[in-house]
Amino acid sequence: MSASSKRGFIARLDHDLQFFRTWLSHPRRIGAFVPTGTALARRMAAIVDPDDPLPVLEIGPGTGSITRAILQRGLEPARLTAIEFDPGFAERMSRDFPDIRLIQGSAFDLHQHLGDPSETAPLFQCAVSALPLLNHPVTERISYIVELLKYIRPDGAIIQFSYGHRAPVPRNGGSYELKFGGHVLRNVPPAKLWIYRQKGGKGSETG
Ligand SMILES: C[S@@+](CC[C@H](N)C(=O)[O-])C[C@H]1O[C@@H](n2cnc3c(N)ncnc32)[C@H](O)[C@@H]1O
């Protein structure tokens, strides 16, 4: 094994151990015992257009596997904002990705972190969300999507993965559009992708 692949292996192990320890302390808040796999991270990041002038919002970056996939698409780090609740993950994110805008706090308090959307929107081209939504009551999940969409331009989307069978956030009587984005079997555990858009936004369909 070369010195650089040994360093890569040790770095990954260190991420995995921190992730596992954090999951042991807060299983519901973390939602998985291993970080998001590369295949799932790439599928999530595929929604990002690096040439779009608007920045990207990532929710729940954890130890940064989706962040890495987003930046590998060519997005400038300064055009990525990430909101992470866990202080240990936030600290690691600031060290590993010093040039992104990292907010340590809850994605359920967007107004507090990002300001009033009616004065500033649209702030982002899209949002990439890894929140373990199934561990929240359904009313909170719905209001999370409704609030988050206010910060994204009308034809932009939220991509959310989930380990459940159904969409983690139901349709809510059609106040936003919901589309199934496919399976990612090469992940532990296998995941499904879900896309949320404002009603009537480009590329939306009910499915
Ligand atoms: C499934 S993990 C994401 C894993 C990440 N993609 C990785 O590979 O490390 C969910 C993440 O959401 C974060 N999280 C949970 N509740 C949150 C909240 N209310 N606001 C922001 N982040 C939150 C957790 O701390 C965790 O980092």
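Structure's up top.
Residues numbered from 1 in each chain as written. Predicted model: local features only at pLDDT ≥ 70, side-chain atom pairs only at ≥ 80, totals over all residues. Heavy atoms only, no water.

Student: Can you walk me through the site of the ligand in this structure?
Tutor: The local shell around the ligand holds 24 residues, among which Thr36, Thr63, Ser65, Glu84 and Ala107 are the closest. One of the side-chain nitrogen or oxygen atoms of Ser65 is found 2.5 Å away from an oxygen atom of the ligand. Separating a nitrogen atom of the ligand from a backbone N or O atom of Ala107 is a distance of 2.8 Å. If the ligand stood free it would expose 600 Å²; the protein chains cover 97% of that surface. Among the elements of the structure, helix H2 (27-30), helix H4 (65-72) and strand S2 (80-84) are those that each provide at least two residues to the shell around the ligand. (Near = heavy atom within 4 Å. Polar contact = N/O pair within 3.5 Å; in protein donor to acceptor, adjacent residues only side chain to side chain. Areas by Shrake-Rupley, 256 points an atom, 1.4 Å probe, with all protein chains shown as cover. Helix = DSSP H or I, 4+ residues; strand = E, 2+ residues; numbered from the N terminus.)

Student: Quick question: what am I supposed to make of the nonpolar core here?
Tutor: In a soluble, globular protein the nonpolar side chains are often hidden away together inside. By size, the foremost hydrophobic cluster in this structure holds 26 residues, and its most contacted members are Met44, Ile66, Ile70, Val128 and Phe161. Those elements that provide at least two residues to this core are helix H3 (38-45), H4, S2, strand S4 (124-129), strand S5 (152-162) and strand S7 (191-198). Here the element with the most residues in this core is H3; it accounts for five residues. Residue contacts for Ile70: discarding those within four places in its chain leaves Ala45, Val48, Glu58, Leu75, Leu80 and Val128. With 25 residues, the next largest nonpolar core counts Leu110, Ile142, Tyr151 and Trp194 among its residues. (Core = buried A, V, L, I, M, F, W, Y, C linked by side-chain atoms within 4.5 Å. Buried < 20%, exposed > 50% of the residue type's maximum accessible area, 1.4 Å probe, protein only. Contact = heavy atoms within 4.5 Å.)

Student: Explain the packing of aromatic side chains here, please?
Tutor: Where two aromatic rings form a pair, the distance of their centres and the angle of their planes describe that pair. Applying the stated criterion to the full structure yields seven aromatic pairs. Here Phe19 and Phe89 contribute two aromatic rings whose centre-to-centre distance is 5.5 Å and whose plane-to-plane angle is 20°, an arrangement assigned as stacked. In this pair, Phe19 sits in helix H1 (residues 3-25) while Phe89 sits in helix H5 (residues 87-96), placing the two residues 70 residues apart along the sequence. Comparing Phe19 with Phe89, the two get one shared label, buried. When the ring of Tyr176 is compared with that of Tyr196, the centres are 5.8 Å apart and the planes differ by 75°; the resulting orientation is edge-to-face. One end of the pair, Tyr176, is in strand S6 (residues 176-184); the other, Tyr196, is in strand S7, and 20 residues separate them in sequence. Accessibility assignment for this pair places Tyr176 and Tyr196 in one class, buried. What links up through ring pairs into an aromatic cluster is the set Phe20, Trp23 and Phe33. (Phe/Tyr/Trp six-rings, centres within 6.5 Å; stacked < 30°, edge-to-face > 60°.)

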